[in-house]
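What follows is the residue order along each chain.
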Amino acid sequence: MRRLLIVALLTLLAVPTAIAVEPDEIISDPALESRARALSKELRCMVCQNQSIDDSDAPLAHDLRVLVRERLQAGESDQQVIDFLVARYGEFVLLRPRFSWHTALLWFGPATILIIGAFGVLVLARRYRATRAAEQETLTAAEADRLSDILRGGRQ
Amino acid sequence: MIAEFGHYALVLAFALALVQASVPLAGARKNDPVLMAVAGPTALAQFCFIAFAFAALIICYVRSDFSVLNVFENSHSAKPLVYKLTGVWGNHEGSMLLWVFILSIFGALVALFGANLPARLKANVLAVQSSIAAAFLLFILITSNPFLRIPEAPFEGRDLNPVLQDPGLAIHPPLLYVGYVGLSISFSFAIAALIDGRIDAAWARWVRPWTLLAWIFLTLGIAMGSYWAYYTLGWGGWWFWDPVENASLVPWLAATALLHSALVMEKRDALKVWTILLALLTFSFSLIGTFLVRSGVLTSVHAFANDPTRGVFILGILALFIGGSLALFALRAPMLKQGGLFAPVSREGALVLNNLFLVSACATVFIGTVYPLALEALTGDKISVGAPFFNATFAPLFIPLLVVVPFGPLLAWKRGDLLGVAQRLVGAAAVAVIAVAVVFAMEGGGPILVPFAIGLALYVMAGALTEIVERTGLLRVPLATAFARAEGLPRSAWGAAFAHFGLGITLLGVIGETQWSLERIAELRPGQSISIRRYDLQFDGMATRQGPNYRDLAAHFTVRRHGDIVGVMEPAKRNFPSRATATSQTALMTRGVSQLYLSLGDANPDGSLAVRLYYKPLVLLIWFGALVMAIGGVLSLSDRRLRVGAPKPARSKAALSPAE
């Protein structure tokens, strides 16, 4: 069912079944075009469910793709284009959220869990060493000899 | 009347579920065998009633009984029979019914095959299992009744969403649900152990095969869904880091971790408390996935707030089962006996590392999925977390895991020899180095990470074979001897080798598709052609075809390679008059493990046609690898020690055969 929901929503949104990047959008300068494609993958089509404007065939995504290309052709840097879109649509347009106080937990979460887990593993390893050290203390040299005698005897 | 019978059967199943959730529990407390014995028959009866309700809904669909609201909204008399059947779970109410139906199958299986379980454990497990069933049956009866009637029956139904009229719907949801719901068994076993305050040997023996079974289905379900999206959505993507997909990936990662930690518990009696916690978390993630998808919260937090009945109900179920189970864990875990110890460098140690990385990866996906929802609910800030975030955080956690994978099966239990294992992996490392060099030479200036990624994939694959090659003595002893030994190897060793090999295959496919895909976007008139790699596709013209309940407008392309015709591709626009909607049917041509992928855009008034063409190298390996992983799971499941009740060391046939 999981995917069905997106699929269902996509169809509703994309009534004219066009493909994402349309032939007439492509600009002639290949370097600019590939920058536009890379940028498009980072930008969200705001009326779609979790789709980049590069993937979406919604009219809004088309408008945004054209807008990105216009600004790139006007000589703006990638960052300037992104800043412009964020100023216009808010941070919601970014598929990779900016690092700030309200996304700190998001960006640090995975590393934090890894570190906590690694700490747990270290504790486990220390416990093993401590137990082993304790075990070794309990066996005297004479006991060890006897034990090896018994073991050898058992084999024969 | 059949709908009313179905509805009534659900009510009876709910009543039985309440009995099953309480009486055996009381019996286990009082040590009353009669009360405990109630669990088995009620589990079977509950299964029968839910099966009856499910069959009733199927009959309503097959008969196109549009007086039933659910059938009216999701079916059409002209729809082919197979989509009438699959349409049963192509909607919210029906899919929830499928969910509890599968839950009741698992309950019945425990009742049937649990004869060798201690009576108290069995009673507790079935009681917990039934409490989940009771909660979801109540959810269906109150908020999602599929048997509601319309007072004046319409003549025709509204039809199933055309995108869902695909064979994928027949396979994907049932597979995924068996996976999701199958994880409830290890959850129920974990709760039962906590209730009893002890983990006995039977517990360890039961958890792994059941988790394995759920994992196999989850693996296949996710892979199938991924392929379905790939050929349906029309832009060639196979994984979108969509919350709906993540909702299935998170339990898969957790279940994979659980499989490995359960191995340590079963073989070495260690990591018991952790395994219990992981079993609880894994099913909790399943439940959260159900909540995310079924509550409507993903579409928009506001949509959820406007019609909160379903969402709040599932949220209540979540709070009850996740909160309750974790509270029980906090209460009882200190009482459980810690298991055996092991050196950091050992098979156990490697499996702990596996768990560390898998659980971190799982947490990453989980945080990324729920963070925007939580942030919006708490502060009103709207942010998006999409593919760029997940690619940037998931990969760094998965790469170290892939480096460790081949070490695991080669290390000895309890105390291993890291240097020795590294020496045995020299062959695999050599394969990787050669691959890096070859790819580097071929690429000549592409992204530097690509050759290393290919090298890593081949290292994982070669590493997976290392154990098999060593244990059979292949290349050292006569072939016949090696075969005899191969036959005698425990199935679980084969299972691990297959699963790890499959992981490498999938990785290879992922790299090939993401790094070497080619794309052409063009507008073509009849007679014009478009070329990609060594293929030329000539657009011959358009034709219409009439289907049972749709009309295709298909474009005919002749595909040539070096001038020789290799086939035709016919992507189409499919119009469904019943819903006045159209879908785009992509055309795929498989060449080895690579594919040509063609989808249609708009036709222009001047007769030209917009097309999107891809060459996707190695793309089929993504799903083929998942299939190999699942085969590994099946092999492992068929291992003797899982089929026989007691964990006896498997005596290899080869050791007894005269060939030795």
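This text gives an overview of the structure that appears in the document. Being a predicted model, the structure only gives us computed values, none of them experimental.

Observations regarding the overall build of chain A
When helices and strands are tallied, chain A shows six helices and zero strands. Moving toward the C terminus, one meets the helices and strands of chain A in the order α-α-α-α-α-α. For chain A, buried positions account for 33% of its 156 residues. Within chain A, contacts between residues at least 6 apart in sequence are counted, and of these 54% link residues at least 24 apart.

Points about the overall build of chain B
Along its length, chain B carries 24 helices and ten strands. Projected onto its principal axes, the C-alpha coordinates of chain B cover approximately 80 × 75 × 60 Å. Relative to its 660 residues, chain B shows a buried fraction of 55%. Within chain B, counting contacts between residues at least 6 apart in sequence, those at least 24 apart form 74% of the total.

Some remarks on the environment of D200(B)
On the secondary structure map, D200(B) appears in the loop between α8 (167–196) and α9 (201–233). Placed 112 residues apart in sequence, D200(B) and V312(B) show a C-alpha to C-alpha distance of 37 Å.

Concerning the nonpolar core
As a rule of thumb, nonpolar side chains are buried together in soluble globular proteins. All names here are of chain B. One finds V100, F136 and C362 to be the most contacted residues of the largest nonpolar core, which totals 218 residues. With 20 residues, the single largest contributor to this core is α9. Other than its neighbours up to four places away in sequence, C362 contacts V250, L253, A254 and A257. Formed by 20 residues, the second largest nonpolar core is a distinct cluster that contains Y535, L598, L609 and V611.

Points about the packing of α8(B) against helix α10 (residues 243–268) of chain B
In a pair of packed helices, the angle between the axes and the distance between the axes together describe the arrangement. All names here are of chain B. It is at 11 Å that the axes of α8 and α10 come closest, and there the two elements cross at 45°. Our classification of the angle between α8 and α10 gives oblique. In this structure, the crossing between α8 and α10 has a hand that is left-handed. Every residue of α10 that contacts α8 at L176, Y180, L183 and S186 is listed here: S248, P251, A255 and L258. Partitioned by chemical class, the residues of the contact of α8 with α10 number six nonpolar, two polar and no charged.

Here we look at the packing of helix α11 (residues 272–294) of chain B against helix α13 (residues 309–332) of chain B
All names here are of chain B. Two elements in contact, α11 and α13, have axes whose closest approach is 10 Å; the angle formed by their N-to-C orientations is 175°. When the axes of α11 and α13 are compared, the pair comes out roughly antiparallel. Two secondary-structure elements touch here, α11 through I276, L277, L280, S284, L287, I288, T290, F291 and R294 and α13 through R310, I314, L315, I317, L318, F321, I322, S325, L326 and F329. Of the residues belonging to the contact of α11 with α13, the class tally is 14 nonpolar, three polar and two charged.

Cut-offs applied
Residues numbered from 1 in each chain as written. Chains lettered and ligands numbered in written order. Predicted model: local features only at pLDDT ≥ 70, side-chain atom pairs only at ≥ 80, totals over all residues. Helix = DSSP H or I, 4+ residues; strand = E, 2+ residues; numbered from the N terminus. Buried ≥ 20, exposed ≤ 12 C-beta atoms within 10 Å, placed from the backbone. Contact = placed C-beta atoms within 7 Å. Core = buried A, V, L, I, M, F, W, Y, C linked by C-beta atoms within 7 Å. Axes fitted to C-alpha atoms, helices over the stretch in contact; angles between N-to-C directions. Parallel < 35°, antiparallel > 145°, perpendicular 65-115°, else oblique. Left-handed = near helix turned anticlockwise from the far one by under 90°. Nonpolar A, V, L, I, M, F, W, Y, C, P; charged D, E, K, R; others polar.

Note that every value here comes from positions in space, so none of it alone points to a role or purpose.
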